[in-house]
Structure formats: C-alpha cells, structure tokens
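Structural overview for review
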Amino acid sequence: MNSVYRHRFSTRLWHAVNAVAMFILIGSGLGISNAHPRLYWGRFGANSDPAWWVLPRFPAWLTIPANYNLALSRRWHLFFALVLAFGLLGYMIASLINRHFARDLRVRGSELTPRHLLADARAHLEFRFHDPERPLAYNIFQKLSYVAVIFVMLPLVIATGIALSPAMNAAWPWLLDVFGGRQSARSIHFLCMIGLTAFIVIHLTLVILAGPLNEVRSVITGWWRVPEKPRA
Amino acid sequence: MIVGRRRLIAGGVTGGAALLAGCDRVIEQPAARRILFMGEDMHRGLQRALTNRDALVPEFSADQRSPFFRPNGTRNPGTAEYTALRDGQFVDWRLAVGGLVAKPLSLSLTDLGRFPQRAQTTRHDCVEGWSAIAKWQGPQLGDVLKAAGLRDQARYIVFTCADLYRGTPYYESIDLIDAFHPQTILAWALNDRFLPVMNGAPCRLRVERQLGYKHAKYLMQINAVASLDGIGKGKGGYWEDNVEYDWYAGI
C-alpha cells in the first residue's frame, strides 16, 4: 500500500492547536453571548435599543464554564484568543517559508471554470475526494474553503475581536470604522463564529466520509495512505 | 458501516459535551487556573507594548449619542449617609483624596468645577456586551492627583464608592498609566446635566480605555497606594475580588 507524506509538521501542529482553541473559543463565546444575547448594527446598542437578532440563551452544556459565569468565560476566551491569533500568525509564516500556501492552496484559474467546478461537485457527490493521479493535491472546494478560513474568516474573527477592546479602539480607531462601529463588529464576530462552526461541521463530516482512520492518521503523523483505486 | 458512522457522530457529540465539562475540571487545578488567568497580563502587556499609551478613544458628535444611557450595577446606593447627601443636593459631599500624597484634599463639587474641565462624548462598553454613547464632563484625574502631589511610591489609584454591592463596599483601582490618561476624568455631568443618581451622582470615574465596571460610580474617596494587597480581597476591585473579573479591563 502506497503512503504519501501529506501534512507537514507545522500544519499538523497548527491543526491540533486550533482544534483545541476553536472548541474552547466557541464554548466560552457562547457563555459570553449569554451575558447580553442581543446583536446590533452601529456604534451603540443597549437593552432597550432595537436588536437585529435576539439570540437564544445557550444551554449550560454548550458553554464554558457549564454554568453562567461571564468572568470565567472571558478568561477562557481571551487566553485562547491569543492562542488562535498567534497560532495563525506562526502558521502563515511557516506556510510561506515551506511553500505550503504556494504549492497546496494556490487556486488556479483553470480550477474555477464552471466545467471544473461541476466535475468536482459531481465527484464530491460520489464520495470521490481525491484525484488518484495526484493524491497530494487538494480539490478545488477544499482549496476554496481552506482559503476562506485561513485568509478571510479567521483574520476577520480576530480583527472584530480586537475591535471590541476599548483600549485597542484608542490605539487603532480605524478598525472600528472598517466594521462600522463596535456593535457591528460584535455582530460580525458572531457571524464569523457561525461560519467557522459550519466549516468545522462540514470538515468533520467529510473526514468521516473520506475514511476517518486514514484522514485522522494523516493529520497526526502526516502520512496518508493512497487508495488503491477511486472509492465508489 | 452506516451504523459505525452514526455511532461515531453520536460519540463525537457526547465526547464534545464531556470535553466541555472537562474544561471546568481543568480550571479547578490551581496551576491551570494560574496559566489561564495569565491571559490578562498578556493582553495588558501586548496592548501597552504595541500601542501608544496616550492614544485617545474615539469621541463622537452630539447627534451620535444614545437615546438613553442605561444604568447598570447599583442604581441607588440607598444608605442613610448617601440619602442624606442626595437630599442635600450633594452640597455636603466631599471627595477625599489621600493615601500616598503630599497634600491630602477634600473636594466639594464646586472645588471640582474649579479645575480645568474636560468634556468628552465617548462610548461606554459594558463587559456584558452592550454599549452606549454619552457626553461626560469633569476635571482630569491627573490634574487632581497633581494638586494632591503623588508620592514616588504610589503605583495605583483606588476609588472607594458610597454604594454597597450585595452588602460589600464597591471599590475599583487603576494604575498610573490610566490615571494620567487625558480622557480619565472625574465626571460630575452626563449629557450636560448633573449626574443622575442611577448613573453615579454626584461624581464617577470615567476611564475610557477600559470596560464599564472599572468606571466606579458614587465616588467618596481616592487613595494613592503602593500595592493593592490588603484592600478588599487584594485583587483591586469589587468584581475582581468576588467574581474573578480581570483587573485590567482593556479588552
């Protein structure tokens, strides 16, 4: 059986750190949301102001800690926010140096043609996730979703998080203007969380569909076993 | 195979819930707690290292103010002492400035009005997530501290309030970097009127680069100290002592 070295150490390390950080950030973030579960657009918004979304109260089993404790939710959230932010920075630097971005994530124009996209969509529906000719290559949907997460959603969730800091508002007031005010930033922060959660759910579903043992092994050891023939 | 997958997903969900609960067990360990709570120092250190310490928070125009500035925490201290002061329209109220200062002060509202005044329309960010914009006016805390003459040993400024929160005296503290920030004022006016009781009459702290719970209301005393040890439970404020809020509330 043919094995290929698929994930470099920096990618695997970042993946492991993120798995923990995202899990804790979402859980503690839902706990923080319970402190004021109303989302607004603009610069201000308090209880009697019109909210565009009144969130449900997230149950204790979904939040960190598993009871309402804003102070502890914040402690978890703010510690792992640093882990997420500096993890992303380190991974980006490593991936530029080891050419992971250039080699694996670069989207080519030919991959964006309707014909290619349709063919790849059909392959996904038939549970064929890898090109047997090029076992190391990501398919276009994989590339687009990873690019969206790495270069759009994660930077956005970090930037909107920084925009919620009153001290950082003093230092970088332009950041608030970019997002249209603190309450807009808070809304976008929450929407990013939904986007990232959706990504994680689809990501894990595809891992299970693509053969969980092989996929999980590859993200732990780096080595991925190439299927003998296309999976039917 | 399908059953296997289903079991895997079900296992994932239960495993996830167990992991979430596991976080609570982890944080009961003193070492883990210490590491997690270091996040506060890291954020303070990063913010202070990466940003201009004198940068001003955004100020707004009159028409950007919130229709209503909601109160939070204590709405009325309700103690006999405070009620008597309020009934006398605070003419007998005095703000004591003491501790590690060369010249302790006892300031009336009129005295506060004699300092150069700063008016600022700023956004108040509650730790809970809501925010409101209002205009505040009062002397800069830095000017008041200069008048009292801070001693070299002074490291923190402690604010003692008239209210008891759940039976415990409310207090807060900030360091000298925030105390001498130009937007840190002792506000006696909100939206061009004397502070209402629910917003901290007759005088409250505005420390604009921090979250709402640091903006102590119903000020009675300001003390310069060398250390926060021995004050309350030693963590620098009511919420820090009793509910583990961060002392540095810059994020």
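Basis of the calculations
- Residues numbered from 1 in each chain as written.
- Chains lettered and ligands numbered in written order.
- Predicted model: local features only at pLDDT ≥ 70, side-chain atom pairs only at ≥ 80, totals over all residues.
- Heavy atoms only, no water.
- Salt bridge = Lys/Arg side-chain N within 4 Å of Asp/Glu carboxyl O.
- Buried < 20%, exposed > 50% of the residue type's maximum accessible area, 1.4 Å probe, protein only.
- Helix = DSSP H or I, 4+ residues; strand = E, 2+ residues; numbered from the N terminus.
- Pairing = 2+ DSSP bridges.
- Axes fitted to C-alpha atoms, helices over the stretch in contact; angles between N-to-C directions.
- Parallel < 35°, antiparallel > 145°, perpendicular 65-115°, else oblique.
- Left-handed = near helix turned anticlockwise from the far one by under 90°.
- Contact = heavy atoms within 4.5 Å.
- Nonpolar A, V, L, I, M, F, W, Y, C, P; charged D, E, K, R; others polar.
- Phe/Tyr/Trp six-rings, centres within 6.5 Å; stacked < 30°, edge-to-face > 60°.

All names here are of chain B. For the structure on display, the rule yields 20 salt bridges over all chains. Arg86 is paired through a salt bridge with Asp87; the nearest N and O atoms lie 3.3 Å apart. Overall, Arg86 belongs to the partly exposed group, its relative accessible area being 32%. The salt bridge involving Arg206 is made with Glu208; its shortest N-O contact spans 3.0 Å. Glu208 carries the same exposure label as Arg206, and that label is buried.

This brings us to the side chain of Asp104 of chain A. Considering the arrangement of structural elements, one finds Asp104 of chain A in helix α3 (residues 100-105). Relative accessible area serves as the criterion here: at 13%, Asp104 of chain A is assigned to the buried category.

What follows covers the sheet that holds strand β9 (residues 193-194) of chain B. Across the sheet, 4 strands lie side by side as β3-β4-β8-β9 (chain B); this open sheet has antiparallel pairing. Looking along the sheet, the strands with just one partner apiece sit at the ends: β3 (117-125) and β9 of chain B.

This brings us to the packing of helix α2 (residues 70-97) of chain A against helix α5 (residues 140-163) of chain A. Residue and element names in this part refer to chain A. The contact between α2 and α5 brings their axes to 10 Å, and the two run at 150 degrees. By the angle class used here, α2 and α5 are roughly antiparallel. Where α2 crosses over α5, the two elements pack in a sense that is left-handed. For the pair α2 and α5, contact is made by Leu84, Ala85, Leu88, Tyr91 and Met92 and by Ile150, Phe151, Leu154, Pro155, Val157 and Ile158, respectively. Across the contact of α2 with α5, the residue classes tally to 11 nonpolar, no polar and no charged.

A few words on the packing of aromatic side chains. By the definition in use, this model includes 26 aromatic pairs over all chains. Ring plane angle 50 degrees and centroid distance 5.2 Å describe the contact between Tyr5 of chain A and Trp223 of chain A, whose orientation is recorded as tilted. Here the residue Tyr5 of chain A occupies a position in strand β1 (residues 3-5), and Trp223 of chain A occupies one in strand β4 (residues 223-225), the gap between them amounting to 218 residues. Exposure remark for Tyr5 of chain A: the relative accessible area of 39% places this residue in the partly exposed category. Classification of Trp223 of chain A as partly exposed rests on a relative accessible area of 43%. On the numbers, 5.2 Å between centres and 55 degrees between planes, the contact of Tyr165 of chain B with Trp239 of chain B is tilted. Placement of Tyr165 of chain B in strand β5 (residues 156-165) and of Trp239 of chain B in helix α7 (residues 238-243) is noted, with a sequence separation of 74 residues between them.

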